Amino acid sequence: MNQDYFLSSLERTWARLSQVAVHGAEYDSRERQPHPKCLQGTRVDLLDYIYRLLDNRGQNRLIWLHGTAGVGKSAVAFTVAERMRSLKVTEETNVEKRLAGTFFFSQKHTERCTTAYFFATLIYQLASNFPSIRADVSKSIRDNPALLDPSKSLRVQVETLFLQPLRGLHRRLRGCQPLTFIVDALDECTSEFELADLILSLARVLHEPDLPAIHILLTSRSELHICRTMENEEVRSLVCEIPATISGKGIGSIISLDSANVDNDIYIFLRHSFGQLGSRHLDFPRPSTEQLERLASRAGGRFIVASTMMKFIDNEDNDPYDQLMLMLELTSELLPGTEVFKFYDCILSTCADPKRAYLHLSVVAALTDPLPLSQISTLLGPSLGKDVETTLMQLRSVMDIPADSTLPVNIYHSSIRDYVSDTLNCSLRQVHDMPSPHCLLAHSSFRLMMKDIPENTALLDALSQLETQSSAMERELPHILKRSLAFLIQSPEPLSVLSAILWLRGDRSSHSQSWLETVEGRNWLQTDAGQWWLLWIEAGKDWLLNTRAGKDWLLHGIGKEMLVGSEEDWLQDQDDQQTWVQAPGKQAWVQISGERSWMKTPSGRDWLQTPGVKDWLQTQDGRHWLHTPGGQFWLHTRDGRDWLQTPCGRDWLQTPTLVDWRQTQAGREWLQTQGAQDWLQTQAGREWLQTTGGRNWLQTLIGREWLRTQGGRNWLEGQDVQAALEEFSNTLEAMNGYIILPEMRLLPAFQVIQQFKNLPDFLMFPMFLALRHHHSTSASPSLFPIDEEIMHAMYAFTTFADEALERSRSASEALKYACRNWAVHLSRAPRPWDNKLDHIFHAFWNRRLLSWLELQWCLKGLQSCLAILSEGQKLAKPNTVQPTIVPDPKTSTMQSSTPPPTSEMLKKEPSSPILTPPSGLVGTPHVCVTHQHTSWRSPSSPPFTPPLPHSPSLELEIAVSHTGASRKRTLDELGLDSDIPFEYVATLTPTKRLKRDSQNVQPE
């Protein structure tokens, strides 16, 4: 069993925050290796200037360091972070450092190119540095779990998650050196709107009163949208900009990344790097000063160029001296300060096939999440991906390729992405006709999904069957459902949750009472509603005293303790007390009463149990006495511990004055008793565990031991219940805001979404749990009334869901990548799409979207599916532009736009029936002569044009068989892989216009 299963409440919340925080965005993360860093003796003036700003205890500042790509902004940010990490906040501490948090943006990683996880990541680091605020952070998250939802607004996250803990440090850090947050590469955030919102949020933080002294170092390129945000009225007064003009000794000077001494810094870097190279290759002749100066000048003030030079030379597959000579030759034609793209041209020219190298480099740079080489090859397919590894190995000077083949590959610097973003950036002519990498990745994603996701309607069928039970009971609003299920303490399972809902809404039949034997049922019995049912409702009393399960519950544990203080009233409610007690089955109650010590103790102890004394213990005098040595001694006795289980005792346990008592020896010993552990399972006990006293107790050895008991494990699982309910609420919110376009409603995938949206709450929540991407195996149906039709339908659905989840777990990383990113790449592919991409997209959209929905739902949840489909609907929306018919120039002197053929026109051509696309399918009709079926083309495909009457040009559609050489010829013509499913190929046969003349028939 996982070790963190036994963590305390605070630690569990902390673990949740740790899971949401983007650890790869921290300045020293393994994900960012090798870390760029300023070499000793370089950037001296710039770093000194930044350090002076960070030491200033005056006004809080946004220090903005900006410059062009590759000049070393990230290296400066890392170096500053290292220094701040080495400085203590005060001399009295060894733990708390001045580095409060870092976030290094990167477009190479999905979670680092957005602001969604920004404040969760920073507050995690801040609380790691200052453990004293962890409790405040955990409380904020427990009070509002949605704070960790990436869709939550920055304003809410800033106020509740970020500012409140910072305010807690204000008094403690008064007079201390300022804290420093470092945010690198703002320009790597893909949303300009998000970035502007983030900068404004950071400015508002610095304007807040009652905060410790804080400075925030920002780095970015000098992008226009960033410059505009920095000019905002709220931000401008806080910004300290670098480049900056400073004066020293009466002479003004410029502090910047591009200052005059950069070439010298690069020279120092090269000399140091060649020194390290020489220590590993003793026969390597050191380059001369002139050679070093030439390389430094050719770097053009860009450390990324100098770094790439060294990676090219220090190549384990080649002799370093030969590589040095080649580098000197390659750069000899570069003028000092030449664009970095020219240098990348030189690197590319050394590859065996520069065009192929450019293609694979552009693909890696365009990936939204990095992948290992083997998965890139799988994604691209056997044609494009066959030589990925051998080609990319030649580009190790610009790309990090780990020795461990399971780790992802990455480009070293974002300037590579700029370089391959437009083929015109490359001077090698052979790459100018290369397709966009996003076109390639979109097509490859569709190809892989069409190949590896079987076409099926299982999700729609299972949901349709479940939907037949929608009228089984009254539906309620989701927030009412959430409140009514608050007694759940274990990770919820669909069947158990549905049984609980059936029970809560009035199904108290004898065959439903089996639910009371489950953990959830026993928890409900502890609630006020459960106790009322047991004590005052005939069916409850009958279950308690006449069923084996009721007797077992009554004679052991919480059931036994719960009735203390209630049995007198309960007995008095019976018409004939003596007859009732002697009735069959009522001996269980007699056993309970007979075991109570107060029924057979001396009069003094009997007096302590009388109603009058119980009332007195609730008065101020009585409560005061309980805190005296005599009272605490009595609480330490068995009688006192028994009293603590009575309603009066449980009420007293909730009083604020009790905190001190629990910290006494008597209180700590009481918490070890079985009675106390049973009390911890009650609603009052669970609430106490959320208090400061409860959290502190969970940190003790006794508390940790309790967490290893069944009761402790149940309580820990209850934390997951709240997370599931919160996730469900967020999903409903996303669902309510999602709009299905009218033309898409009959597509099976959108039918599933609409049906799910229409489900009543009592079916929707269990179904949501069944398809939850971290759902565990469904509970056995043996404890549930499976003979009921509604339970049978839910059991059938959970069986399907378990199989679907198992299939999702076996999917390759390449397939998972394709499922979550196809819409991203398709939206970034230049328009108009080529026919190949257009066809495969619409084949996927019209045929495999439902199968994709099932897999992606299991992998990442319904919210992820809705976000992808929202973009997909825009891309698949039918074009309203009428098709254009362009007559043959040999037979016509004009070009005309002609509307689609009318019914009268088609009547003249009996072989061309009127074709209406099925609702939700997009495109124009494509009649396949060979297979006698009709498929549908997108508007961007060559239009379907019926033969024009009396036209000397006869246009025919050539369709080929899917067998033998014909199929291979079709695949070759379309540039497709041989593993494409036939149903896709059959709709993609190339249209060739045949012209019939007096000699022959030939393609146009």
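Residues numbered from 1 in each chain as written. Predicted model: local features only at pLDDT ≥ 70, side-chain atom pairs only at ≥ 80, totals over all residues. Heavy atoms only, no water.

### Notes on the overall build of the chain
Helix and strand counts for the chain come out as 53 helices and 13 strands. Taking all 1004 residues of the chain together, 53% fall into the buried category. Restricting the contact set of the chain to residue pairs at least 6 apart, pairs at least 24 apart contribute 72%. For the chain, the accessible surface area stands at approximately 45,200 Å², while carbon and sulfur atoms represent 51% of it. (Helix = DSSP H or I, 4+ residues; strand = E, 2+ residues; numbered from the N terminus. Buried < 20%, exposed > 50% of the residue type's maximum accessible area, 1.4 Å probe, protein only. Contact = heavy atoms within 4.5 Å. Areas by Shrake-Rupley, 256 points an atom, 1.4 Å probe, with all protein chains shown as cover.)

### Thoughts on unusual backbone geometry
Looking along the chain, the bond that leaves arginine 831 and enters proline 832 is cis, with omega of -10 degrees. If you trace the backbone, proline 832 turns up in the loop between α47 (813–828) and α48 (835–847). You will see that alanine 185, though not glycine, has its phi angle at about 60 degrees, which is positive. Within the fold, alanine 185 resides in the loop between β3 (179–184) and α7 (192–207).

### Here's the deal with the pairing of β3
Among the 6 residues in β3, 6 count as buried, and that is most of the element. Side chains of β3 alternate between two faces, with Leu179, Phe181 and Val183 and Thr180, Ile182 and Asp184 buried alike. Two elements, strand β2 (residues 99–104) and β3, share 5 bridges in a ladder whose sense is parallel. From the neighbouring strand, phenylalanine 103 faces β3, where its bridge partner is valine 183. The pairing of β3 with strand β4 (residues 214–220) spans 5 bridges and is classified as parallel. (Pairing = 2+ DSSP bridges.)

### Brief notes about the sheet that holds β4
An order of β2-β3-β4-β1-β5 is seen for the 5 strands of this open sheet, with the pairing classed as parallel. Looking along the sheet, the strands with just one partner apiece sit at the ends: β2 and β5 (239–242). The mean angle between the axes of side-by-side strands here comes to 15 degrees, regardless of whether they run parallel or antiparallel. Sheet topology places strand β1 (residues 61–66) next to β4; 6 bridges connect them, and they run parallel. The residue bridging isoleucine 63 from the neighbouring strand is leucine 217, located in β4. Strand contacts of helix α2 (residues 44–55): β1, β3, β4 and β5, with the helix running at about 175 degrees to β5, the strand carrying the most contacts. (Axes fitted to C-alpha atoms, helices over the stretch in contact; angles between N-to-C directions.)

### Here we look at the packing of aromatic side chains
Summed over the entire model, instances satisfying the criterion amount to 35 aromatic pairs. Pairing phenylalanine 103 with phenylalanine 105 gives two aromatic rings, centres 4.8 Å apart and planes at 55 degrees, and the pair type is tilted. For phenylalanine 103, a relative accessible area of 0% corresponds to the buried category. Ring pairs connect the aromatic residues Phe446, Phe750, Trp822, Trp833, Phe841, Phe844, Trp845 and Trp852, which therefore count as one cluster. The lysine or arginine in question, arginine 134, covers the ring of tryptophan 14, its NZ or CZ lying 4.3 Å from the ring centre. (Phe/Tyr/Trp six-rings, centres within 6.5 Å; stacked < 30°, edge-to-face > 60°. Lys NZ or Arg CZ within 6 Å of the ring centre and 35° of its normal.)

### Some thoughts on helix α22 (residues 494–504)
Of all the 11 residues making up α22, 10 are buried; the element is thus mostly covered by neighbouring parts of the structure. Along α22, the residues classified as buried are Pro494, Leu495, Ser496, Val497, Leu498, Ser499, Ala500, Ile501, Leu502 and Trp503. Count one or two residues on from α22 and you reach glycine 506, which has phi positive near 110 degrees.

In short, geometric facts, not functional conclusions.
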